[in-house]
Amino acid sequence: MNMEPNISNPGSTNPAAALPNESQTRIATRPLYWSMLRELWENKSLYIAPAIVATVLLLGALISSGYLPERRRSAMLLDEVRRRAAIELPYNIVAMMLIVTAFIIGFFYCLDALYGERRDRSILFWKSLPVSDLTTVLSKTTIPMFVLPLVTFATVVVTQFIMLLISAAVLLPSGLASTTWANFNLFRQSLVLLYGLVAIALWHAPIYGWALLISCVARRATFLWAILPLLAIAFFEKITFGTWHFAFMLKDRLLGFAPEAFAFSMRRIGSVSLTPGKYLSAPELWIGLAFAVAFIATAVRLRRYRGPL
């Protein structure tokens, strides 16, 4: 007996004929998830670029490892705090370089996220799918806010672990291999890194929201449209009032997360404490998130009326 549903007849009353298959059901019920996967599939630079930067950093660490025994002997002559700071320095540099890389990738991704659809006219195809403008814009928002921090976290941890192995192999003949593991706690540093990445993502949310809004409205040169209005406001304030409040606000939006999320000790070099309570109670955080929501909501609304370029 043929148990297959009749899908050739549009007027068939067979209930099975109207039911989509399993994959179609998952796509229909999880549009945000599949939209995010589509972004990752179409933008491979989101994980390839950090991998390239990590490879370059590892190559530099491997080349400079020939001087590591001499530097380690000098570090072991310092007091405990300075010794730990000296040993942790290369690993902290790797983390900072990859964090900066992730921010650059996220910013330029947002600038092209909605603009690219109109430029290559694929917006006509994506708007034909049963996916709302809200879901589409949110899927693009999650990339710099959620996906990139996770990619950065994994890349930093793997890179630092490989650096530890290189350090141990180079220092083993001199009997100093254990000094790295004794002064650099990868697990503790990973927790600090994860906390920092979350703090940075939330603090930079209005920057990504602004870039998405520009991506939705600009007809060309999205980078200039994103930067020039901000510079114009800053110079207008300086010429008119002789102050740089707007410029300082922009600087605080880029770097202001650090004094709010961390407490740095001036007496102990390299000593840092996590201050999530201070960070979450900072008015600048919530004001920035409010602007981010406004930018994203505006981008959602404007996308409804945007066609191909």
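Just so you know, these numbers come straight off a predicted model, no measurement behind them. (Residues numbered from 1 in each chain as written. Predicted model: local features only at pLDDT ≥ 70, side-chain atom pairs only at ≥ 80, totals over all residues. Heavy atoms only, no water.)

Chemist: What exactly am I supposed to notice about the layout of surface pockets here?
Modeler: In this approach, a probe sized like a water molecule rolls over the atoms, and the result shows the empty space that is left. In this structure, the second largest pocket spans a volume of roughly 670 Å³. Contributing elements (two or more residues each) for the lining of the second largest pocket: helix H6 (80-113), helix H12 (205-217), helix H13 (222-241), helix H14 (245-255) and helix H17 (283-303). Top element by residues in the lining of the second largest pocket is H14. It accounts for eight residues. Counted by class, the lining of the second largest pocket contains 20 nonpolar, one polar and four charged residues. (1 Å grid on protein atoms, 1.4 Å probe; cavity = no way out; pocket = protein on both sides within 12 Å on 5 of 7 lines; lining within 4 Å. Points joined across faces, edges and corners; volume = space filled by probe spheres on them. Helix = DSSP H or I, 4+ residues; strand = E, 2+ residues; numbered from the N terminus. Nonpolar A, V, L, I, M, F, W, Y, C, P; charged D, E, K, R; others polar.)

Chemist: Just checking my understanding: could you explain the confidence of the model for the chain for this structure?
Modeler: Detailed conclusions should not be drawn from predicted coordinates in areas where pLDDT is low. Mean pLDDT for the chain: 85, with 87% of residues reaching 70 or above. Helix H1 (residues 15-18) is the least confidently modelled element of the chain, averaging 42 in pLDDT, while H12 averages 95, the highest of any element. (pLDDT = per-residue confidence, 0-100.)

Chemist: I would appreciate a short explanation of empty space enclosed by the protein in the present structure.
Modeler: Enumeration over the complete set of coordinates arrives at two cavities of 30 Å³ or more. What the largest cavity holds in volume is close to 120 Å³. Forming the walls of the largest cavity are Ile99, Ala102, Phe103, Pro144, Leu148, Pro149, Thr152, Leu197, Ile200, Ala201, His204 and Tyr208. Listed by contribution, the elements that provide at least two residues to the lining of the largest cavity are H6, helix H9 (133-171) and helix H11 (186-203). At four residues, the largest contribution of residues to the lining of the largest cavity is made by H9.

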